[in-house]
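Close look at the chain arrangement
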Amino acid sequence: MTRLQGKTAVITGGATGIGLAAAKRFVEEGAFVYIYGRRQEALDKALVSLGPNARAIQGSVSDLADLNRLYEAVKTERGTLDIIFANAGVGSQLPLGEITVEHCDEIFDINVKGTIFTVQRGLPLMGPGGSLILTGSSAGTTGAPAFTVYSASKAAVRNLARTWAEDLKGTGIRVNVLSPASTATELAKEALGEEGLKVYGNLTPLKRMGDPAEIGAVAAFLASDDSSFMTGSEVAVDGGLAQI
């Protein structure tokens, strides 16, 4: 398939997991992809699997100087930008009564502020037909025990798309949210083990966790003209977890 032929994409959190799976799919469908993340070693490893139509830039979405450097590279090397997949995010558990200022700051700095400035700094390079994809979560709809701050941050991301759909009226640029549930990334496999994967998988009507490639496939749909009449929407790729 060549739905993304000739397009340029930026994927934050692109070195591993859902971001890397999306990058692979974007490249397969013809895009040139910039993957962006904090760990140079992971970025270098990801580039090996992506081939010549990808470029890695190290930086944090919570650092505006890093984001400026990312988009300056895109502008210099490609001129324009068609797709931003604001995928970088973090999450950890602290129950109500134990939440700290540091916990709030870390999660909101990356998940909310990072998403805002990832989009805002890249927007001047985009034109009609551009697609903004924000990574939400089933937790933003359902909530999850001890995930107060993470769940709130993802609910905020959902609202960003609604607000930006209004702000972007008349520009031809679309914005949508992709909301997975638990996904069997390498990090999840390490953290949960085989039994943990089964426990989380059994929470969904499909009785399994998602595969990163399944999430990447939906990201490619949202990036392409196949979703040309969608904006302000949320696409749940969650095995039905938040739908029943």
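Here, the structure is the one placed above.
All of the points below concern the structure found in this document. Every value quoted in this text rests on a predicted model; they were computed, and no experiment measured them.

1. Re the nonpolar core
- Membership of the largest hydrophobic core comes to 33 residues, with the highest contact counts inside it found for Leu70, Leu81, Leu132, Leu134 and Val175.
- If you list the elements that add at least two residues to this core, you get strand 2 (32–37), helix 3 (64–78), strand 4 (83–86), helix 4 (101–122), strand 5 (131–135), helix 6 (148–167) and strand 6 (174–180).
- With six residues, helix 6 is the largest single contributor of residues to this core.
- Sequence-distant contacts of Val175, that is, excluding residues within four places in its chain, are made with Leu132, Leu134, Ala161, Trp164, Ala165, Leu168, Thr231, Gly232 and Ser233.
- If you look at the next biggest cluster of nonpolar residues, it comprises 31 residues, including Ile11, Leu20, Ile133 and Ala219.

2. A short note on helix 1 (residues 17–28)
- The terminal C-alpha atoms of helix 1 lie 17 Å apart, and with twelve residues this matches the ideal 16 Å at 1.5 Å per residue to within 8%.
- Along helix 1, the residues classified as buried are Ile18, Gly19, Leu20, Ala21, Ala22, Ala23, Phe26 and Val27.
- Looking one or two residues beyond helix 1, the residue adopting positive phi is Gly30, at roughly 105°.

3. Let's talk about unusual backbone geometry
- A positive phi angle is found at Ala146, which is not glycine, with a value near 70°.
- In this fold, Ala146 is placed in the loop between helix 5 (139–142) and helix 6.
- A positive phi angle, near 60°, is found at Lys207, a position not held by glycine.

Basis of the calculations
- Residues numbered from 1 in each chain as written.
- Predicted model: local features only at pLDDT ≥ 70, side-chain atom pairs only at ≥ 80, totals over all residues.
- Heavy atoms only, no water.
- Core = buried A, V, L, I, M, F, W, Y, C linked by side-chain atoms within 4.5 Å.
- Buried < 20%, exposed > 50% of the residue type's maximum accessible area, 1.4 Å probe, protein only.
- Helix = DSSP H or I, 4+ residues; strand = E, 2+ residues; numbered from the N terminus.
- Contact = heavy atoms within 4.5 Å.
- Expected span 1.5 Å × (residues − 1).

Function cannot be read off these values alone, since they describe shape.
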